[in-house]
Amino acid sequence: MSLAEDLHQAVAGVMRVHGLGLVSRLVFAVELVEEGSGEPGLLRGSPPATMPVWVELGLHRYAVTDIEAVITASKLAGEEEGE
């Protein structure tokens, strides 16, 4: 099993426990720090492994749009970021 598949199963299990529904597709971006050098790195991926890269990109863009909408709504409501 690949790392992406392991993450998919782990996230799906957590979602089930919290009653949030089934995970059909997953995209992830993880910031990593190299233990020895402290260099930052980025790990991104998606299961299933057969997911076309354009679908992965679309899901990432959808997530970014959702985050931007929350930030805009917060600013319009006069709230501070992170509240």
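Residues numbered from 1 in each chain as written. Predicted model: local features only at pLDDT ≥ 70, side-chain atom pairs only at ≥ 80, totals over all residues. Heavy atoms only, no water.

### Some points on the overall build of the chain
Secondary structure summary: the chain contains two helices and two strands in total. Taking 83 residues into account, the globule formula puts the C-alpha radius of gyration at 12 Å, and the chain, at 16 Å, lies well above it. Viewed in the frame of its principal axes, the chain has a C-alpha envelope of about 45 × 40 × 30 Å. Within the chain, the proportion of its 83 residues that are buried is 16%. (Helix = DSSP H or I, 4+ residues; strand = E, 2+ residues; numbered from the N terminus. Rg over C-alpha atoms; globule rule 2.2 N^0.38 Å. Buried < 20%, exposed > 50% of the residue type's maximum accessible area, 1.4 Å probe, protein only.)

### Points about the environment of Ala49
Structurally, the position occupied by Ala49 is in the loop between strand 2 (40–45) and helix 2 (53–76). Spatially, the C-alpha atoms of Ala49 and Val17 are 25 Å apart, while their sequence positions differ by 32 residues.

### Some words on the pattern of salt bridges
Applying the stated rule across the entire model yields one salt bridge. The closest approach of N and O atoms between Arg44 and Glu56, which form a salt bridge, is 2.6 Å. With Arg44 in strand 2 and Glu56 in helix 2, this residue pair connects regions lying 12 residues apart in the sequence. Residue class for Arg44 comes out partly exposed when judged on its relative accessible area of 49%. (Salt bridge = Lys/Arg side-chain N within 4 Å of Asp/Glu carboxyl O.)

### Some points on helix 1 (residues 3–17)
The terminal C-alpha atoms of helix 1 lie 21 Å apart, and with 15 residues this matches the ideal 21 Å at 1.5 Å per residue to within 8%. Here helix 1 has its buried residues at Ala4, His8 and Ala12. Buried residues in helix 1, looked at end-on, bunch into an arc of 70°, giving them a common side. In this structure, helix 1 carries Leu3 and Val17 as exposed residues pointing more than 90 degrees from its buried face. (Expected span 1.5 Å × (residues − 1). Arc of directions from axis to C-beta.)

### Some remarks on helix 2
Three- or four-residue spacings in an α-helix give side chains the same orientation, since the helix completes a turn every 3.6 residues. The terminal C-alpha atoms of helix 2 lie 35 Å apart, and with 24 residues this matches the ideal 34 Å at 1.5 Å per residue to within 8%. Among the residues of helix 2, those classed as buried are Val55, Glu56 and Ser74. Contacts made by the buried residues of helix 2 are with strand 2. Immediately downstream of helix 2, the backbone of Gly78 shows phi near 80°, a positive value. (Contact = heavy atoms within 4.5 Å.)

Function cannot be read off these values alone, since they describe shape.
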